[in-house]
Amino acid sequence: MHLHANTTSLLALRQELHAPRRRVGRGRERAILTTILRQFAPKMRAEFVRAVRAAAQGTDAGGLLDALKRGAIDDAVRAVAWDDAAEPVLRSGLMGAFVEAFERSGVLHMSLTQQRGTGKQAAFSLVDDRPLEYIRDHGAKLVSDFGLQNRDALRQSLTSMLERGMTPQEMQRAIIPQVGLTEPWAAAVDRRLAKLLADGVSMGEAQAEAAKYADELVKLRALNIARTEALIAHGAADKEHRRQAVERGLADADKATKTWNTAGDDVVRPEHEAMEGVSVKWDQDFDVDGVFVDGPPDGVNCRCWVEFSPLG
């Protein structure tokens with residue numbers, strides 16, 4: 001059973017305990033995270049945008065219009081070419097960059113562990129059932145989630161447009177720019193379109209303005225996805241590298257630990273700030289305000305990382 005002090009007192013106590021101590025290797029661990037973000041997040045961002053563009057351009061305009069004329073919203077949503085055009089790009093492009101980030105992170109972590117450990121030869125390997133299974137499962141869930149989010153968002157927007165009395169042709173032109181957005185962001189684009197029309201802007205001008213807004217949101221979403229996926233690849237590779245290091249004798253399973261580190265700025269989550277400097281055994285979970293996690297990233301855009309100490 002775990003007893004939790006309030007976040008403020010816990011944070012103050014841990015800051016007092018850990019402030020005087022400089023942990024060896026902290027800069028190098030942080031450098032690995034920075035390297036993965038710098039090298040692979042731009043690739044992932046570009047691939048998501050490319051997938052969205054492929055879905056928009058590959059959509060059967062005639063089929064979409066026919067479904068809208070019949071008032072068949074679900075058929076209209078299915079007419080958008082997400083599965084046929086976007087998913088292949090995501091699987092090959094975005095997930096290809098994810099695998100590269102995963103392997104590169106593992107190699108860098110294993111090299112650093114070798115420097116701190118026994119001096120034995122270290123090599124990070126993806127030729128193993130566990131990392132391959134993780135990558136396969138993560139990729140499948142990622143692509144599936146994107147597809148579901150896309151369909152829900154388009155369905156909501158089309159329903160709203162239909163209720164406002166827009167013609168099938170107007171709906172067809174307005175919905176394509178929203179491909180790739182989540183439900184709240186697609187709704188924001190739809191509200192922008194509705195307000196412009198209410199203010200007396202012509203349909204053509206309103207659709208053009210809404211399309212520009214949608215494009216900005218698609219790029220912003222791509223950036224969020226890329227950063228999050230790069231961080232996930234880094235964290236998952238670090239977990240796999242710890243397992244391989246212990247199995248190969250680079251780290252003592254009884255003594256090896258992992259220590260939580262934060263970015264150290266004023267936008268760190270309070271519950272993560274309270275974890276700064278907390279150490280557990282290499283294969284145990286951290287207790288983050290009552291929630292047990294293997295380590296960072298813990299949430300979207302979490303920039304924390306783990307420092308692995310092979311010799312305890």
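Counting of residues starts from 1 at the beginning of each chain's written sequence and follows it residue by residue. Per-residue local features are limited, in this predicted model, to residues with pLDDT of at least 70; the limit for side-chain atom pairs, both in listing and counting, is 80 or more; totals at the level of whole chains, interfaces and linings are taken over all residues. Based on all heavy atoms of the structure, the side-chain values leave hydrogens and waters out of the count.

J.: Before we move on, could you go through the overall build of the protein and cite the residues and values that matter?
T.: For the purposes of this entry, the term helix denotes a DSSP run of H or I that reaches at least four residues, the term strand denotes a run of E that reaches at least two, and both are numbered from the N terminus. Tallying secondary structure elements over the protein gives 10 helices and five strands in all. Within the protein, the fraction of its 312 residues that count as buried is 48%. By definition in these notes, contact holds between two residues if any of their heavy atoms fall within 4.5 Å. Expressed as a percentage of contacts within the protein between residues at least 6 apart in sequence, the contacts between residues at least 24 apart total 79%. Surface accessibility in these figures is a Shrake-Rupley result with a 1.4 Å probe; residues are shielded only by whichever protein chains are displayed. Carbon and sulfur atoms make up 52% of the accessible area of the protein, which totals about 15,100 Å². Only protein chains enter the accessibility calculation, which uses a 1.4 Å probe; a residue whose area is less than 20% of its type maximum is buried, one above 50% is exposed, and one in between is partly exposed.

J.: Explain the side chain of His138 residue by residue, including any values.
T.: Residue placement: His138 occurs in helix H6 (residues 129–163). For His138, a relative accessible area of 15% gives the class buried. Those residues within four positions of His138 in sequence are excluded, and the remaining contacts are Met95, Phe98, Glu229 and Ile232.

J.: Which residues make up the packing of helix H3 (residues 61–69) against helix H7 (residues 168–175), and what values do they have?
T.: In contact at an axis separation of 9 Å, H3 and H7 are set at 130° when each is read in the N-to-C sense. In terms of orientation, H3 lies oblique with respect to H7. Along this stretch, H3 crosses H7, giving a crossing that reads as right-handed. Between H3, through Ala61, Leu64, Leu65, Leu68 and Lys69, and H7, the contact on the second element is made entirely by Pro168, Gln169, Met171, Gln172 and Ile175. Of the residues assigned to the contact of H3 with H7, the class counts are seven nonpolar, two polar and one charged. Between the N-to-C directions of two axes lies an angle of 0 to 180 degrees, each axis being a line fitted to C-alpha atoms and, for a helix, fitted only over the stretch in contact. The scheme is simple: roughly parallel for angles under 35 degrees, roughly antiparallel for over 145, roughly perpendicular for 65 to 115, oblique for anything else. In this scheme the crossing of two helices becomes right-handed for a clockwise turn of the near helix relative to the far one and left-handed for an anticlockwise turn of less than a right angle. Polar here means any residue outside two lists: the nonpolar Ala, Val, Leu, Ile, Met, Phe, Trp, Tyr, Cys and Pro, and the charged Asp, Glu, Lys and Arg; Gly therefore counts as polar.

J.: Describe the sheet that holds strand S5 (residues 305–309), and please don't skip the residues or the numbers.
T.: Across the sheet, which stays open at both edges, the three strands sit in the order S2-S1-S5 with antiparallel pairing between neighbours. Both edges of this open sheet fall to strand S2 (279–281) and S5, since each of them pairs with a single strand only. On average, adjacent strands in this sheet sit at an angle of 30° to one another, irrespective of strand direction. By the bridge criterion, five bridges tie strand S1 (residues 257–261) to S5 in an arrangement that is antiparallel. Bridging across to S5, Thr259 finds its partner in Glu307. Contacting S1 and S5, helix H9 (residues 203–247) runs over the sheet at an angle of about 15° to S5. Strands were regarded as paired on the criterion that DSSP finds at least two bridges between them.

J.: Before we move on, can you summarise the packing of H6 against H9 with the specific residues and values?
T.: The geometry of H6 relative to H9 is characterised by a closest axis approach of 11 Å and an angle of 160° between their N-to-C directions. Relative to H9, H6 is oriented roughly antiparallel. Relative to H9, the crossing made by H6 is right-handed. On the side of H6, the interface is formed by Arg130, Pro131, Tyr134, His138, Leu142, Phe146 and Gln149, while H9 contributes Arg221, Ile225, Glu229, Ile232, Ala236, Glu240, Arg243 and Glu247.

J.: Which residues make up the nonpolar core, and what values do they have?
T.: Ranked by internal contacts, the top residues of the largest apolar core, which has 77 residues, are Met44, Phe48, Trp82, Leu90, Leu94, Phe102 and Leu158. For this core, the element with the highest residue contribution is H9, accounting for 16 residues. One finds Met275, Phe286, Cys302 and Val306 within the second-largest nonpolar core, a separate group that totals 10 residues. In this text, buried Ala, Val, Leu, Ile, Met, Phe, Trp, Tyr and Cys residues form a nonpolar core when linked through side-chain atoms within 4.5 Å.

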